[in-house]
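# Examining the three-dimensional arrangement
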Amino acid sequence: MFRVLGLFSLLTFITLSFTPLLLAAQNDDGYVPPQLLRVFYTDKKMLKTLDEAGIDLRCAGRGPGYVDIIVESGPITKAGHPAHKLLKGFPRVDVRVENLDKMAEQYRDKADLGLYHTFDEAVTELRSYADDYPDLAEVHELGTSHEGRPVYALKVSDNVSADEGEPGFLICGMHHSREWISVEVVMAFAKRLLEGYGKEARIKELIDNREIWLIPVQNPDGFVYSTTKYRMWRKNRRKNSGSSYGVDPNRNYSYEWGGAGASTSPGSDTYRGPSAGSEPITQIVEQFAASKKNLKGSISFHSYGQLILWPWSYTYDPAPDDAILGDLARSMAKYTGYSPKQSSDLYPSSGDFDDYMYGTCGLASFTFELATQFIPNEDKIKPICEKNVKALLWFVENAADPFPILRHTALGATTNSGPYALSVVYNKSHHANFGLKKVVVNWSKDGQAQGQLNLLSQGNDTYGVELPSAGLGDYSYHFEAIGKDGAVRYPATGDFSFQVVDSLYLLVDD
Ligand code: 0X9
Ligand code: ZN
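### A few points about the overall build of the chain
Within the chain one finds twelve helices and 22 strands. For the chain, with 510 residues in total, the buried portion stands at 54%. Partitioning the intrachain contacts of the chain with sequence separation of at least 6 by distance along the chain shows that 73% fall at a separation of at least 24. Accessible surface, the chain as shown: approximately 22200 Å² in total, 50% of it carbon and sulfur.

What follows is the structure in C-alpha cells.
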C-alpha cells in the first residue's frame, strides 16, 4: 500500500547560439496567413518581454527551453511587426507551420469533419446515449452561450436521475475552439463507460459508485466558428466593443481573475473578458461546479503539448495540496506519457478552469494538453483517446477522496530490524473545522492486533511515531485523526502494510 520514492531534480543547461531565421509566406494579395513559430530561450525572463509586448505565449505548445507562438498579422520579417524586434534577442526562432490556414485543410470540404465530431454530431451522440442507456445516462442543458447554443452535460451514474451524493467528477472538453481533439477524448470516455457497464466489472463498479459529469463542448460558439469559418479560432464569440470578437474562456473564471497571463485587450487571444465570470459559458460551469457539493475532481482537456498540469496557474507558489496534486498528475501521466507539472511552471495565467475548480470548489483539478498539435491527423484520434481514457478511468477510481485529512508521507527505518518510523501530515487547509486533537496509529503484526500508539507533533502539521520491531513478518497499520466531534480513519478502508523478510526490509506497494 505504500511506497517511498526517491526524487532527483535534474538541472538542464541549454546553450543555443543560432541566428534567428524568420520567414513569412506572403500571398499575392498581401495576405499573410497565421504562422506557428517556435521560439527558443535561454532564460525564462526573456519570455516576459514577449508577454509584455502582447505576444501570446499561452495558446500553443511549449517545452523545455522553447515556446510556440502564433503570429497572426503581417510578416514578422517586417520591421514594423511587433514581434520582429522582440524576437531578435532570441537565440533561435523556427517557423513550425508556415501557413496555419492550411493545417486543417484536409477537413475543409468535409461538412462532417471526417472522424472528428461536429457540434451537432456530438449533441446527437450524447442524446443517443441517454436514449440507449436511460438508467445510466442523462443529458442536462446547463445554459446557453452568447449565440444561444446550449452547453450540454452528460451525467453518467447508476440511478442516474437520483442525486446519490457519490463522489463526483467533472470532465470538460473544448474551452478553446481550435482544440478539436479535446472533444474526442470526452466523447470517447462517455462511450467507454456506457458500453462497458454490462461487460466490464471495473466499469460497473465505477458507474455504481460515482457521478460522472461530462461536458464535451464547453464553448459551442467557438467550436462552430472554428469548424465552419476559421480553423484557428481560440476564444468564444462575444462581440467586444470595437471590431474584435471573443473572450478566452480559460482566462474568465472568477478565481483570481484579472491577474498574470491574461490580457486586457479585447483583440488578444487571451483576453480575460470585461469582468470576472462575464461569459455565460464560464458562469454555467462555475455555477454547476459550485452547486454540486459531491464533486471531488475535474479535468479540462486542451491541445496541445502532451502535458498534465495542476494548480496553481495564477502564481508560482505551490498549492497547499501541491504534493497530492503532483502525485495524482504523475499517476495519470503513466498512462499517457505526458509531462506532469504545476501549471505556472509552464507559464502563469489567471482566471483558468483549474484554479477556480481547486481554489473555489476544492476539487483536485487538472488540465491535460493533448497531442502535438491542435487538430491531429485523424489516425491519431484513436490512440490519443485510448490512453487518455485509461488515465480518466484511473482518476475517477482513485481520486474519490483526493484530500484526506491525513496523508502518509514517510515510512523508514535506520536498520532492517526497525524500529519503523511513520509520519503523516494533517491537511489543515481542507479540514480547517475538524479541530484536530491527536493522531493515533493502530497496528498489527501477522494479523494480530498490537495496540495503539500516539503520534507526536513534529511541527508543520506533521506527526510521527516509531513502530517497535516485532521480528520478521507482515506489519499493517492505519491511522486515526481525532477531532472535536469524532475520529476519521485513514486510509478510509484497508491498511498500510510492509513486510520484514529475513534481513530485508521491504515496502509493499499497492
Ligand atoms: O493557456 C491555456 O489556457 C492552456 N493552454 S492552451 O494552449 N490549450 O491554451 C493552459 C491552461 C493551464 N494554465 C496555465 N498553464 N497557466
Ligand atoms: Zn486550450
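### Quick notes on the sheet that holds strand 3 (residues 66–71)
The four strands are arranged 2-3-1-4 in an open sheet whose pairing can be described as antiparallel. Every other strand in the sheet has two partners, leaving strand 2 (62–63) and strand 4 (92–97) as the edge strands with one partner each. Note that strand 1 (residues 35–40) and strand 3 share six bridges and pair antiparallel. Residue pairing across strands places arginine 38 opposite aspartate 68, the latter belonging to strand 3.

### Quick look at the coordination of the zinc ion (ligand 2)
At 2.0 to 2.5 Å from the zinc ion (ligand 2) lie its protein donor atoms, namely His176 (ND1), Glu179 (OE), Glu179 (OE) and His302 (ND1). Residue histidine 176 is classed as buried on the basis of its relative accessible area, which comes to 3%. On the accessibility criterion, glutamate 179 (2% relative accessible area) is buried.

### Description of the nonpolar core
Core analysis: the largest hydrophobic core is formed by 91 residues, its most contacted members being Leu170, Phe189 and Phe366. The contact partners of phenylalanine 189, leaving out residues within four places of it in the chain, are Ile171, Ile212, Leu214, Val389, Leu392, Leu393 and Val396. Counting residues in hydrophobic clusters, the runner-up holds 24 residues, among them Phe434, Leu436, Tyr490 and Phe496.

### Thoughts on the site of ligand 1
Near ligand 1 you find 20 residues, and of these Arg234, Arg251, Tyr347, Ser349 and Glu369 are the closest. Arginine 234 is positioned such that a nitrogen or oxygen atom in its side chain is 2.5 Å from an oxygen atom of ligand 1. Contact with the protein chains covers 100% of the free accessible surface of ligand 1, which is 410 Å². Listing elements by their share of the shell around ligand 1, those giving two or more residues are strand 9 (295–303) and helix 10 (343–346). Its residues assigned to classes, the shell around ligand 1 shows six nonpolar, seven polar and seven charged.

### What to know about the pattern of salt bridges
What the rule picks out here adds up to 22 salt bridges. Between arginine 38 and aspartate 68 there is a salt bridge; the shortest N-O distance is 2.7 Å. On the criterion of sequence distance, the pair formed by arginine 38 in strand 1 and aspartate 68 in strand 3 is long-range, its members being 30 residues apart. Both residues of the pair, arginine 38 and aspartate 68, belong to the buried class. With a closest N to O distance of 3.4 Å, aspartate 461 and lysine 428 form a salt bridge. A residue pair is termed long-range when its members are at least 10 positions apart, and aspartate 461 in the loop between strand 17 (456–457) and strand 18 (462–467) and lysine 428 in the loop between strand 14 (420–426) and strand 15 (438–445) qualify at 33 residues. One network of salt bridges, with partners in common, ties together Lys155, Asp163, Glu211 and Lys292.

### Considering the packing of aromatic side chains
Counted by the stated rule, this structure contains 25 aromatic pairs. Between the aromatic rings of phenylalanine 479 and tyrosine 490, the centroid separation amounts to 6.2 Å while the plane-to-plane angle is 25 degrees, which identifies the pairing as stacked. Separated by eleven residues along the polypeptide, phenylalanine 479 in strand 19 (residues 473–483) and tyrosine 490 in strand 20 (residues 486–490) bring together distant segments of the chain. Here phenylalanine 479 falls in the buried class, since its relative accessible area comes to 0%. Accessibility expressed as a relative area gives 11% for tyrosine 490, which makes it buried. A connected cluster of aromatic rings, assembled from ring pairs, spans Tyr420, Trp443, Tyr475, Tyr477, Phe479, Tyr490, Phe496 and Phe498. Here the basic side chain of arginine 92 rests over the ring of phenylalanine 40, its NZ or CZ set 4.3 Å away from the ring centre. Note that arginine 237 overlies the ring of tryptophan 233, its terminal NZ or CZ placed 4.7 Å from the centroid.

Rules used throughout
- Here the residue index of a chain counts from 1 through its sequence in written order.
- A letter from A marks each chain and a number from 1 marks each ligand, given out in the order of writing.
- In keeping with the model being predicted, local features are shown solely for residues with a pLDDT of at least 70 and side-chain atom pairs are shown and tallied solely at 80 or more, while totals for entire chains, interfaces and linings include all residues.
- Just so you know, side-chain values use all the structure's heavy atoms and leave hydrogens and water out.
- Numbered from the N terminus, helices here are DSSP runs of H or I no shorter than four residues, and strands are runs of E no shorter than two.
- Buried, partly exposed and exposed residues are distinguished by accessible area as a fraction of the type maximum, computed with a 1.4 Å probe on protein chains only: under 20%, between the cut-offs, and over 50%, respectively.
- Two residues qualify as a contact provided that any one of their heavy atoms is within 4.5 Å of a heavy atom in the partner residue.
- Here, Shrake-Rupley sampling with a 1.4 Å probe gives the accessible areas, and only protein chains in the shown set may cover a residue.
- Only strands that DSSP links by at least two bridges are regarded as paired with each other.
- Coordinating donors are taken to be N, O and S atoms lying within 2.8 Å of the metal, or within 3.2 Å when the metal is Na, K or Ca; because water is excluded from the atom set, some sites may appear incomplete.
- Nonpolar core, defined: a set of buried Ala, Val, Leu, Ile, Met, Phe, Trp, Tyr and Cys residues in which side-chain atoms within 4.5 Å join the residues together.
- Only heavy atoms are used to decide nearness, and a residue is near a molecule or strand if one of them lies within 4 Å of it.
- Contacts described as polar in this section are N or O atom pairs within 3.5 Å, which, within protein, must combine one atom able to donate a hydrogen with one able to accept it, while residues neighboring in sequence count only if both atoms come from side chains.
- Gly is put with the polar residues, along with every residue not named as nonpolar or charged; the nonpolar set is Ala, Val, Leu, Ile, Met, Phe, Trp, Tyr, Cys and Pro, and the charged set is Asp, Glu, Lys and Arg.
- Salt bridge criterion: a side-chain nitrogen from Lys or Arg within 4 Å of a carboxyl oxygen from Asp or Glu.
- Stacked, tilted and edge-to-face are the three classes assigned to paired rings of Phe, Tyr and Trp, where Trp is represented by its six-membered ring and a pair needs centres within 6.5 Å; plane angles under 30 degrees give stacked, over 60 edge-to-face, the rest tilted.
- Counted as over-ring charges are cases with an Arg CZ or a Lys NZ within 6 Å of the ring centre that also lie within 35 degrees of the ring normal.

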